[in-house]
Amino acid sequence: MSASSEQLRPLVQGWLPTQRWFAGKGRAGTVDVVPLAVLVAASPEVTIWTARVTYDDGSIEVYQLPLVERDARDEGLDHVLVGAYEDGDGLRWIYDALHDKDVTAAWLVNIRDEVRTDRLRFTNHADAADIPVDEPSLVLTAEQSNTSLMYADKAILKVFRRLQPGVNPDIEIHAALSARGARHVARLLGSVAAEVDGEHFELAMLQEFMTTATDGWELAKKSVLDLMAEGDLHAEEAGGDFAGEAERLGAAVAEVHADLAVAFATATATPEEVRDRADTMHARLEYALSVVPELQDVAPGLHALFNAFAELRDPLPVQRIHGDLHLGQVLRTVHRWVIIDFEGEPMAELSARRRPDSTLRDIAGMLRSFEYAGHHRLIETGYVPQLAYRANEWAERNRDAFCTGYAESAQHDPREQSVALRAFEADKAVYEAVYESRHRPAWLPIPLASLSRLAETEVVR
Ligand SMILES: Nc1ncnc2c1ncn2[C@@H]1O[C@H](COP(=O)(O)OP(=O)(O)O)[C@@H](O)[C@H]1O
Ligand SMILES: O=P(O)(O)O[C@H]1O[C@H](CO)[C@@H](O[C@H]2O[C@H](CO)[C@@H](O)[C@H](O)[C@H]2O)[C@H](O)[C@H]1O
């Protein structure tokens, strides 16, 4: 027996805003809960529910909630208790099923066996032996917009929390690049989709787990800490220089771009399409000005940069890209760099995220990230001129190394498209200014400093 929507709704209403992946924190609205399907092969029973959140401004978000129902409290699951309800015979206890090791093997068994039910479709993209159905699961504790479970060190299941109808770019790109044997992505092992009232939703993705992987942000931070500890040494003299890694990362990103160009369509943006992109940049800046008044002084210079981009006469090739590339989206294994999380810009609609775009957008994302890594330590230490000098030096050195690695692999140097590259960088930094002012106000000086640099550079085409 399982809870009804009415029994569940008040429990979910209280629990949802406490979840890291819930994007609507602090916004007023109402929640409806609707069952999507019962998960085959799970005991106790697991129902995949959806929570449909209608905000007071009329916008709607749908979240995926796989919930397990137990007839007794399980203290080991107290930290993921959604709530309990009375069913006449006593209390029934509802937990987030992704944390319940008694049921999480069901996702893998269903993928291995390619189970199809009225609404659910499990697909095995690998061999049956590659799906580690006997391994215990563990939820990753990283701050995430989804929920990922690792099954020993064999596979990682990413369960998408926010559902939108249509093709999920993370699965789509991993499927296409895995099929090409691409070296710099984690191999796709399986996927889970749902068909509801004629609409297609993608619920989860199973991938090869990259053992020995450390994310690029952690590695870069370590390198900067080494440099800051020895404030009077240049980056190439201090221990932990990152430039070699940055160069290899540039080559890896170029290789992924080349694979994407073969796996999906490529095109050249028309002048109107370039102007459309520039219009989006102007609009993003105007919106950011309403959230971050500190942008006022740099706005004219940035509008001038976006205008210069709009007027470029060089062709702008477009293709599928990553869309949200930064050092937190790349993993270094002992063998190579691996790029993860091809979901694209988190706030955009799915269709927009799958639209071909310039590879310069990804390159700009990485350049921004080197800037962040170089300067993050100053947020903790406060402004120390010597350390600020070192931070700039580190950022410049690694931005250059990344571009050099990219250029060697791609046979064209992104630095040669300087107006477009700087426009994409500025656009990302404007996005970051809004992000930081909302989530980490202490970090706001990082994008603001970059924006004043980008706004002041004379635009030479
Ligand atoms: N294939 C993988 N192998 C090992 N760890 C991974 C893999 N994919 C993701 N991770 C880890 O999981 C974290 C979150 O993954 P990500 O795809 O960025 O999820 P989200 O979209 O929820 O942010 C990453 O920062 C990384 O540490
Ligand atoms: O978590 P997401 O991948 O969706 O990205 C969001 O959060 C990122 C912060 O974790 C934010 O990235 C910014 O900070 C990073 C350091 O913490 C830095 O490496 C990135 O260059 C910088 O953009 C990202 O913008 C935001 O979308």
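Residues numbered from 1 in each chain as written. Chains lettered and ligands numbered in written order. Predicted model: local features only at pLDDT ≥ 70, side-chain atom pairs only at ≥ 80, totals over all residues. Heavy atoms only, no water.

(A) Highlighting the site of ligand 2. In the neighbourhood of ligand 2, 13 residues make up the surrounding shell, with Ser-369, Tyr-431, Glu-432, Tyr-435 and Arg-440 lying closest. Contact distances for ligand 2 include 2.7 Å between an oxygen atom and a side-chain N or O atom of Tyr-431. Within the side chain of Tyr-435, an N or O atom sits 3.0 Å from an oxygen atom of ligand 2. Expressed as a share of its isolated accessible area of 530 Å², the protein-covered part of ligand 2 is 86%. A per-element tally of the shell around ligand 2 places helix H11 (residues 418-439) first, with four residues. (Near = heavy atom within 4 Å. Polar contact = N/O pair within 3.5 Å; in protein donor to acceptor, adjacent residues only side chain to side chain. Areas by Shrake-Rupley, 256 points an atom, 1.4 Å probe, with all protein chains shown as cover. Helix = DSSP H or I, 4+ residues; strand = E, 2+ residues; numbered from the N terminus.)

(B) Representation of the side chain of Ser-191 in the model. By the secondary structure assignment, Ser-191 is in strand E11 (residues 188-196). A distance of 2.9 Å separates the side chain of Ser-191 from the side chain of His-125, its partner in a polar contact. If sequence neighbours within four positions are ignored, Ser-191 has contacts with Ile-111, Arg-121, Phe-122, Thr-123, His-125, Ile-171, Ala-204 and Met-205. (Contact = heavy atoms within 4.5 Å.)

(C) Fine view of the sheet that holds strand E12 (residues 199-208). Taken in spatial order, the six strands of this open sheet run E6-E11-E12-E9-E8-E7, and their pairing is antiparallel. The strands lining the two open edges of the sheet, one partner per strand, are strand E6 (120-124) and strand E7 (137-139). In this sheet, adjacent strand axes meet at a mean angle of 20° when their direction is disregarded. As judged from the eight bridges shared by E11 and E12, these two strands associate in the antiparallel manner. (Pairing = 2+ DSSP bridges. Axes fitted to C-alpha atoms, helices over the stretch in contact; angles between N-to-C directions.)

(D) Layout of the domain arrangement of the chain. Looking at the chain, the domain boundaries give domain 1 (5-96), domain 2 (105-208) and domain 3 (214-321 + 356-456). With both chains or domains summed, domain 2 and domain 3 bury close to 850 Å², and 64% of this area falls on carbon and sulfur atoms. Applying the counting criterion to the domain 2 and domain 3 interface returns three salt bridges. The salt bridge involving Arg-180 is made with Asp-259; its shortest N-O contact spans 3.6 Å. (Domains from an automatic or database assignment. Buried area = accessible area lost by both parts, 1.4 Å probe. Salt bridge = Lys/Arg side-chain N within 4 Å of Asp/Glu carboxyl O.)

(E) Region of interest: the UniProt feature "domain: Maltokinase N-terminal cap" (unreviewed entry) in the chain. In the numbering used here, UniProt assigns the feature "domain: Maltokinase N-terminal cap" (unreviewed entry) to residues 15-100. Across residues 15-100, helical content stands at 1% and strand content at 50%; the span's end C-alpha atoms are separated by 17 Å. (UniProt positions renumbered as here; feature names shortened; annotations may be inferred.)

(F) How the structure looks around unusual backbone geometry. With an omega dihedral of -5°, the bond running from Ser-43 to Pro-44 counts as a cis peptide bond. Within the element layout of this structure, Pro-44 appears in the loop between strand E1 (29-38) and strand E2 (46-55). Phi at Asp-197 is positive, roughly 50°, even though this residue is not glycine. Tracing the backbone through its elements, the reader meets Asp-197 in the loop between E11 and E12. Although it is not a glycine, Asp-341 adopts a positive phi angle of roughly 60°. Among the secondary structure elements, Asp-341 is positioned in the loop between strand E17 (337-339) and helix H8 (350-353).

(G) Here's a closer look at helix H6 (residues 271-291). Between its first and last C-alpha, H6 extends 31 Å over 21 residues, near the 30 Å set by a 1.5 Å rise per residue. When we look at burial in H6, the residues that qualify are Val-274, Arg-277, Ala-278, Met-281, His-282, Leu-285, Ala-288 and Leu-289. Projection of H6 onto a plane perpendicular to its axis shows the buried side chains occupying an angular sector of 140°, all on one side. Tucked into the core, H6 has its buried residues touching strand E14 (267-269), helix H7 (299-310), strand E15 (316-318) and H11. (Expected span 1.5 Å × (residues − 1). Buried < 20%, exposed > 50% of the residue type's maximum accessible area, 1.4 Å probe, protein only. Arc of directions from axis to C-beta.)

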